[in-house]
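Below are the chains, spelled out letter by letter.
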Amino acid sequence: MTQISRVLVALVALFNIVLGLGFLLDPAGSAQRFLLEPLGTQGMATLRADFTAFFVVGGAAALIGAWRRDGAPLLVPLALLSIAITGRVVSLIADGAPGSAFPPMAMEAVMIVILLLGRRAFAEARP
């Protein structure tokens, strides 16, 4: 189970790192895929800085956790994704529920489950 968990956590990590690098290298294209529109050069800078930081840091922490078989680094992406999905729930309540709201929430929920299972598997594998 530990090997499967390592692979799944590493896939979550790589997915997030690729998303983050997408915001760094192609902020306009990445923004469009996330249904965002930057306002001027400062908006582009925010996309490059904040979104890159969110995804790369979360992904890097997950990758470290998978590499070391250590659940502690997984707390970083778990916190980030939990806050993100909470924000989406608040938005659903405050703004309504368009059909486009659910796919990102499903992805975040799947990643949260994978990371939680990884933490459990890594803890059980520890001597």
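Residues numbered from 1 in each chain as written. Predicted model: local features only at pLDDT ≥ 70, side-chain atom pairs only at ≥ 80, totals over all residues. Heavy atoms only, no water.

> Where do I start with the layout of surface pockets in this structure?
Here the idea is plain: a probe the size of a water molecule rolls over the atoms and shows the empty space left. Taken as a whole, the largest pocket holds about 720 Å³ of empty space. Surrounding the largest pocket, 30 residues form its lining, F34, F55, R88, P104 and E108 being those nearest its centre. It is helix α4 (residues 75-95) that provides the largest number of residues to the lining of the largest pocket, a total of 7 residues. For the lining of the largest pocket, the class distribution of residues is 19 nonpolar, 6 polar and 5 charged. (1 Å grid on protein atoms, 1.4 Å probe; cavity = no way out; pocket = protein on both sides within 12 Å on 5 of 7 lines; lining within 4 Å. Points joined across faces, edges and corners; volume = space filled by probe spheres on them. Helix = DSSP H or I, 4+ residues; strand = E, 2+ residues; numbered from the N terminus. Nonpolar A, V, L, I, M, F, W, Y, C, P; charged D, E, K, R; others polar.)

> Would you explain the packing of aromatic side chains in this entry?
Both the distance between ring centres and the angle between the ring planes are used here to describe each pair of aromatic rings. Summed over the entire model, instances satisfying the criterion amount to 5 aromatic pairs. Relative to F51, the ring of F23 has its centre 4.7 Å away and its plane inclined at 25°; by these criteria the two rings are stacked. Of this pair, F23 sits in helix α1 (residues 2-25) while F51 sits in helix α3 (residues 40-68), and the two are 28 residues apart along the sequence. Looking at F23, the relative accessible area reads 0%, which means it is buried. Ring plane angle 80° and centroid distance 5.0 Å describe the contact between F54 and F55, whose orientation is recorded as edge-to-face. Accessibility expressed as a relative area gives 8% for F55, which makes it buried. Ring pairing ties together the aromatic residues F23, F34, F51, F54 and F55, which thus form one cluster. (Phe/Tyr/Trp six-rings, centres within 6.5 Å; stacked < 30°, edge-to-face > 60°. Buried < 20%, exposed > 50% of the residue type's maximum accessible area, 1.4 Å probe, protein only.)

> Please clarify how empty space enclosed by the protein should be interpreted in this entry.
On inspection of all chains with the given rule, the structure shows 1 cavity of 30 Å³ or more. If you add up the space inside the largest cavity, you get close to 40 Å³. Lining the largest cavity are N16, F54, F55, G58, G59, P77, L80 and L81. Of all the secondary-structure elements, those providing two or more residues to the lining of the largest cavity are α3 and α4. The element contributing the most residues to the lining of the largest cavity is α3, with 4 residues. Across the lining of the largest cavity, the residue classes break down as 5 nonpolar, 3 polar and no charged.

> Teacher, can you tell me more about a nonpolar patch on the surface here?
Among the surface-exposed residues, M1, I4, V7, L8 and L11 lie close enough to one another that they form a single nonpolar patch of about 500 Å² accessible area. Of note, V7 is situated in helix α1. (Patch = residues over 30% accessible without salt bridge, like charges linked within 9 Å, V, L, I, M, F, W, Y side chains within 5 Å. Areas by Shrake-Rupley, 256 points an atom, 1.4 Å probe, with all protein chains shown as cover. Salt bridge = Lys/Arg side-chain N within 4 Å of Asp/Glu carboxyl O.)

> Help me understand the side chain of E108, please; the structure alone is not making it clear to me.
With respect to the element layout, E108 can be found in helix α5 (residues 102-125). Of the residues examined, E108 reaches a relative accessible area of 7% and is grouped as buried. Discounting residues that sit within four places of it in the chain, E108 has contacts with L81, A84, I85 and R88. (Contact = heavy atoms within 4.5 Å.)

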